[in-house]
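Spelled out from the first residue to the last, the chains are:
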Amino acid sequence: SGCYCRPDTTWERENKDFYVPEGIMEVRWAPVVFVRISKAGKCIGQKFVSRYYDSFNAGALLYCQTDTCDEPVAFTSCADHSSLLPSPSRNTAELDEPGTDYDVMKDSVKIFEADLSSMKTALEEAICAASKLTSLRIGDYVAVEMSPVSTLATSENKVTSLKISSADKTLYDINIIF
């Protein structure tokens with residue numbers, strides 16, 4: 001695992017369909033849980049990390065692959081509107097409640113589910129690790145991938161539907177269009 005930054009142009013704020021850039025053969029994805037940083041910090045220690053975030057939610061990160069698979073992560077993760085991170089976020093107290101559900105459907109078939117309450121430690125460890133490399137500012141997001149990156153859509157299918165839900169609310173209901 002590593003620490004990667006994405007520009008804010010990758011954030012999909014409006015639940016709009018994702019039009020795949022020209023030359024992309026495959027869209028890969030990873031389900032994520034993320035927190036919003038509420039206090040600026042650098043080299044944040046584990047003992048104090050809970051003071052640095054005020055909300056969380058779940059979403060997905062999309063990665064655009066060309067016909068060669070040796071592009072660096074920085075290239076494959078910088079496409080506009082490829083960070084599906086819904087706002088507003090949820091109260092962090094819900095991370096302590098078992099049963100905080102997260103479901104992802106692809107073409108009406110469930111492809112991923114998780115209990116977000118199990119992710120609190122991983123999120124806090126990610127904040128500590130990221131803050132060793134870069135200064136965190138108010139409003140930044142720190143995300144943790146909940147499973148390895150895998151194929152979501154290919155140019156052969158032309159259109160793939162993606163629905164992300166959590167706590168009985170639809171967060172995203174979009175099409176990935178080649």
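Residues numbered from 1 in each chain as written. Predicted model: local features only at pLDDT ≥ 70, side-chain atom pairs only at ≥ 80, totals over all residues. Heavy atoms only, no water.

1. Section: the sheet that holds strand β11 (residues 169-177)
Applied cut-off: For two strands to count as paired, DSSP must find a minimum of two bridges between them. The helix count covers DSSP runs of H or I at least four residues long, the strand count covers runs of E at least two residues long, and both are numbered beginning at the N terminus.
What the five strands build is an open sheet, ordered β1-β11-β10-β6-β7; its pairing is mixed. At either end of the open sheet lies a strand with only one pairing partner, and these are β1 (18-19) and β7 (109-115). Examined bridge by bridge, strand β6 (residues 101-106) and strand β10 (residues 159-166) share five bridges and lie antiparallel to one another. Note on β10: the bridge partner recorded for Met105 is Lys163.

2. Describing the side chain of Asp140
Condition: For the purposes of these results, a polar contact is taken to be a pair of N or O atoms within 3.5 Å, where, inside protein, one atom must be able to donate a hydrogen and its partner to accept one; residues adjacent in sequence count only when each atom of the pair is a side-chain atom.
Looking at where Asp140 falls in the secondary structure, it is placed in the loop between α2 (120-133) and β8 (141-145). Only 2.8 Å separates the side chain of Asp140 from the backbone nitrogen of Arg137, close enough to count as a polar contact.

3. Examining the state of the cysteines
Quick reminder of the rule: Two cysteine sulfurs form what is called a disulfide whenever their separation falls within 2.5 Å. Here the term buried applies to any residue with accessible area under 20% of the maximum for its type, exposed to any over 50%, and partly exposed to those in between, with areas from a 1.4 Å probe on protein chains only.
Counted according to the given criterion, the structure contains zero disulfides. The closest cysteine sulfur to the non-disulfide-bonded Cys43 is located on Cys128, 10 Å from its own sulfur. The thiol sulfur of Cys78 is not disulfide-bonded, and the nearest other cysteine sulfur, from Cys64, lies at 8.3 Å. Classification of Cys78 by relative accessible area gives partly exposed; the value is 36%.

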